[in-house]
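Letter by letter, the chains look like this.
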Amino acid sequence: MAALFKAGKALGLCVSGCRSLSSLAELPEMHQMMRQTCRDYADRELGPIAGKLDKEHLFPVQQVRELGAMGVMAVEVPEELGGAGMDYLAYSLAVEEISRGCGSTGCVVSVNNSLYIGPILKFGTQKQKEQWITPFTTGEKVGCFALSEPGNGSDAGAASTLARQEGEEWVLNGTKAWITNSWDASATVIFATTDKSLKHKGISAFLVPMPHPGLSLGKKEDKLGIRATSTANLILEDCRIPLGNMLGPRGSGFKIAMQTLDSGRIGIASQALGIAQAALDCAADYAHKRTAFGAPIGKLQAVQFKLADMAVAVESARLLTWKAAMLKDAKKPFTKEAAMAKLAASEAATFCGHQSIQVLGGMGYVTDMPAERHYRDARITEIYEGTSEIQRLVIAGQLLKEYAP
Amino acid sequence: MSRVLVGVKRVIDYAVKIRVKPDHSGVVTDGVKHSMNPFCEIAVEEAVKLKEKKFIKEVVAVSCGPTQVTETIRTALAMGCDRGIHVEVSGKDYEAMGPLQISKIFAALAKKEEASLVILGKQAIDDDCNQTGQMTAALLDWPQGTFASEVTIDGEKVKVVREIDGGLETIKISMPAVLTADLRLNTPRYATLPNIMKAKKKKIATMKPADLGVDMVSRVEVLRVDEPPTRLAGVKVETVDDLVAKLKANGTI
């Protein structure tokens, strides 16, 4: 894609926002410019500090602010609300480039855009959008998304966090687990059961500011990868919020969650692509420089085959991701494609992370080179926002529907 | 104090490894990543800052070359310039284009656009000529503040702190004037996403050098381009006397 990108730029192509598959080969000019500015930022500001952020588990406060100023923390949000007013393809490109510089920062960008702002943009009232989106476009504040619980991850319909109405307030009780951005967030979209008898149709979505009385954070998880992000439990003990803090109609929480995750999948696919690309870049560069048996190891077929397999994995996942994003932008159904993109990209990331260490040999195993960080960062992409197993269920479900007699 | 012209040059990206063409007529440019000359980025940033401080009303980004240079103009627009001018030069004229031709074009445009300032990068990273700014000022008979590391507008005058061999020199020149940007003048901003969207709607006018009465004939002919000679291994010596003896022996002193 780098070659096509260069060729596209060299030919000075000025393709306006077309939606057809033929445009997958060349991005529209605005998208190319946007991709370039994100890449420049990632190369100059994130690449040099990514190792430190990972080692010291540091949330990139300054960088998130700078990304906010660039519009990257709210790519799809309309300008009137403080966002960049661009489309989902642009968002996917932004997340990929940022993740290429630093997987953790890419995760923060993705969670804020897709999981926090996403549902409010789609289901919120104008007042809710102004209150809960606009302050979160600048990078000064980030949000999080609380669906998973200690007792249910993939089994989202079994939410045991409860919400009861008391006068003009909702009172929330329960525990949410694995919440990304938790320790750095200023608000959360949270899901709780308002009508237990209705099972998953009895779940509603709420907006809760952070910090807030009745909401406390569990200890920060000590993770394998994306260590610059904070992941912890959210504990609700008689957490009171105004009635106006319900997001969308009562009982639509599960639907909101599923639709949010559908889009979020494209964000995570993009993050996985960035990590995969970084791993490939690292391996390809090393193949030129490291000599063995009298020549650069890039001359050896075993290494060449690995690099080729990595490149194919990344490129095919990238095209799937772009297609899903373009379908979403065209307001066409994209559930199956988004699941395919997330599945392909996350498996490409773990594959590339693994092979990159292999190409680097011993150097891949030490922290002097970024290969080990890419390997660790990649792993989560197959788990969160829908495990690879769930993605397969989603894809099969959609596929079988298409073939139903 | 209304309008500033900023020159932006499309050059091979600084990170690319340059390769000489097999026929030694130049360097390989096909399929190679290009971007805005870093000193031109600094020039654009300074112009946009002057506009933000309300010293000027309009910033016009200018580039000379084939269709591809419109990308560079578009980047300048995304950084905050108001409109662009693409002076079309292609083929042999483009290959032979140098500071003399560019400065003639800029001089003509500066008069046509009634610019108060022309801001350029001090030099381009491909040819390293460091001549265009100076030539433009001479053709216009305007004062010049080159190698600027600080620019302050003071009424109808400009105070320029220049980086020179001995350190820093401060001069005060009247406008209209030509300035060339040095490295420490500022840190160019990243094009923000909203500005990239806005840049889509900004206009880029197209014209030819002939429209400005400029002839593109070059007085310089490139005979041959070669890579720098491979650096040979050095020799270690034990004492200063040995060093002097060796330098004398190989004719250096």
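Fair warning: this is a prediction, and the values are worked out from it, not measured in the lab.

What counts and what doesn't
- Residues numbered from 1 in each chain as written.
- Chains lettered and ligands numbered in written order.
- Predicted model: local features only at pLDDT ≥ 70, side-chain atom pairs only at ≥ 80, totals over all residues.
- Heavy atoms only, no water.
- UniProt positions renumbered as here; feature names shortened; annotations may be inferred.
- Helix = DSSP H or I, 4+ residues; strand = E, 2+ residues; numbered from the N terminus.
- Contact = heavy atoms within 4.5 Å.
- Buried area = accessible area lost by both parts, 1.4 Å probe.
- Salt bridge = Lys/Arg side-chain N within 4 Å of Asp/Glu carboxyl O.
- Polar contact = N/O pair within 3.5 Å; in protein donor to acceptor, adjacent residues only side chain to side chain.
- Nonpolar A, V, L, I, M, F, W, Y, C, P; charged D, E, K, R; others polar.
- Patch = residues over 30% accessible without salt bridge, like charges linked within 9 Å, V, L, I, M, F, W, Y side chains within 5 Å.
- Areas by Shrake-Rupley, 256 points an atom, 1.4 Å probe, with all protein chains shown as cover.
- Buried < 20%, exposed > 50% of the residue type's maximum accessible area, 1.4 Å probe, protein only.
- pLDDT = per-residue confidence, 0-100.
- Expected span 1.5 Å × (residues − 1).
- Arc of directions from axis to C-beta.
- Core = buried A, V, L, I, M, F, W, Y, C linked by side-chain atoms within 4.5 Å.
- Axes fitted to C-alpha atoms, helices over the stretch in contact; angles between N-to-C directions.
- Parallel < 35°, antiparallel > 145°, perpendicular 65-115°, else oblique.
- Left-handed = near helix turned anticlockwise from the far one by under 90°.

Enquirer: What should I look at first to understand the UniProt feature "domain: Electron transfer flavoprotein alpha/beta-subunit N-terminal" (unreviewed entry) in chain B in this one?
Expert: Cross-referencing UniProt, the feature "domain: Electron transfer flavoprotein alpha/beta-subunit N-terminal" (unreviewed entry) maps to residues 24-216 of chain B in the present numbering. Taken end to end, residues 24-216 of chain B is 32% helix and 30% strand, and its two terminal C-alpha atoms sit 23 Å from one another.

Enquirer: Where do I start with the interface of chain A and chain B in this structure?
Expert: Facing 25 residues of chain A, the contacting portion of chain B comprises 17 residues. Together chain A and chain B conceal approximately 1900 Å² of surface at their shared face, both sides included; 63% is due to carbon and sulfur atoms. Where chain A meets chain B, there are one salt bridge. Glutamate 29 of chain A is the salt-bridge partner of arginine 74 of chain B, the closest N and O atoms lying 3.8 Å from each other. Between the two partners, chain A and chain B, sit three residue pairs in polar contact (both at pLDDT 80 or more). Counting residues per element, the ones that place at least two in the side of chain A that touches chain B are α1 (2-10), α2 (29-55) and α3 (61-70) of chain A. The dominant element in the side of chain A that touches chain B, judged by the number of residues it contributes, is α2 of chain A, at eleven residues. In the side of chain A that touches chain B, the residues fall into twelve nonpolar, six polar and seven charged.

Enquirer: Would you take a moment to explain the UniProt feature "domain: Acyl-CoA dehydrogenase/oxidase C-terminal" (unreviewed entry) in chain A for this structure?
Expert: Per the UniProt record, "domain: Acyl-CoA dehydrogenase/oxidase C-terminal" (unreviewed entry) is annotated on residues 251-399 of chain A. Summarising residues 251-399 of chain A: 79% helix, 3% strand, and an end-to-end C-alpha distance of 28 Å.

Enquirer: I'm lost on the UniProt feature "domain: Acyl-CoA dehydrogenase/oxidase N-terminal" (unreviewed entry) in chain A in this one. Help?
Expert: According to UniProt, the feature "domain: Acyl-CoA dehydrogenase/oxidase N-terminal" (unreviewed entry) maps to residues 29-140 of chain A in the numbering used here. Taken end to end, residues 29-140 of chain A has its terminal C-alpha atoms 30 Å apart, with 71% of it in helix and 0% in strand.

Enquirer: Any chance you could explain a nonpolar patch on the surface here in plain terms?
Expert: Together, Met363, Tyr365 and Val366 of chain A give the surface a local cluster of nonpolar side chains, amounting to about 320 Å² of exposed area. Along the chain, the position of tyrosine 365 of chain A falls in helix α10 (residues 362-365).

Enquirer: Sorry, what's going on with the pattern of salt bridges here?
Expert: Side-chain pairs of opposite charge can arise where the charged atoms are in close proximity. All names here are of chain B. The final tally for this structure, using the stated rule, is 43 salt bridges over all chains. Close ionic contact of aspartate 127 with lysine 9 constitutes a salt bridge, the shortest N to O distance being 3.2 Å. Taken together, the positions of aspartate 127 in the loop between β6 (117-121) and α5 (132-140) and lysine 9 in the loop between β1 (3-7) and β2 (10-12) put the pair 118 residues apart, joining distant regions of the chain. On the accessibility criterion, aspartate 127 (36% relative accessible area) is partly exposed. In this structure lysine 9 comes out as partly exposed when scored by relative accessible area, which is 28%.

Enquirer: Could you clarify how one ought to interpret the environment of arginine 164 of chain A in this entry?
Expert: All names here are of chain A. Turning to its location among the elements, arginine 164 is positioned in strand β2 (residues 162-166). It is 9.7 Å that separates the C-alpha atoms of arginine 164 and arginine 240, two residues lying 76 residues apart in sequence. Ignoring anything within four residues of it in the chain, the contact list for arginine 164 reads Glu169, Trp170, Val171, Asn173 and Asp238. Side chain to side chain, arginine 164 and glutamate 166 meet in a polar contact 2.8 Å long.

Enquirer: Could you clarify how one ought to interpret the confidence of the model for chain A in this entry?
Expert: Low-pLDDT portions of the prediction should not be read for the details of their coordinates. Mean pLDDT over chain A stands at 92; residues scoring 70 or higher make up 94%. Contacts of residues 1-22 of chain A to residues separated by more than four positions or lying in other chains number 38 contacts, the stretch itself having pLDDT below 50.

Enquirer: Can you help me understand helix α12 (residues 388-403) of chain A in this one?
Expert: Residues and elements named next belong to chain A. Over its 16 residues, α12 runs 23 Å from end to end, which matches the ideal 22 Å to within 8%, given 1.5 Å per residue. Taken together, the buried positions of α12 are occupied by Ser388, Gln391 and Ile395. Take α12 and look down its axis: the buried residues cluster within an arc of 55°, on one side only. Facing away from the buried side of α12 by more than 90 degrees, the exposed set consists of Glu389, Leu393, Leu400 and Lys401. Against α7 (253-289) and α9 (335-360) lie the buried residues of α12.

Enquirer: How should I be thinking about the nonpolar core in this particular structure?
Expert: The nonpolar side chains of a soluble globular protein tend to be buried, and buried together. Counting 80 residues, the largest nonpolar core has Met34 and Val72 of chain A together with Val44, Leu117 and Val158 of chain B as its most contacted members. The leading source of residues in this core is α2 of chain A, at nine residues. Counting residues in hydrophobic clusters, the runner-up holds 30 residues, among them Ala74, Leu81, Cys107 and Val189 of chain A.

Enquirer: Explain the packing of α2 of chain A against helix α2 (residues 69-79) of chain B here, please?
Expert: The packing of two helices is summarised by the inter-axis angle and the distance between the axes. Packing of α2 of chain A against α2 of chain B brings their axes to within 11 Å, and their N-to-C directions diverge by 65°. Between α2 of chain A and α2 of chain B, the interaxial angle falls into the category roughly perpendicular. Considering only the axes of α2 of chain A and α2 of chain B, their crossing is right-handed. Along the contact surface, α2 of chain A presents Glu29, Met30 and Met33 of chain A, while α2 of chain B presents Glu71, Arg74, Thr75 and Ala78 of chain B.

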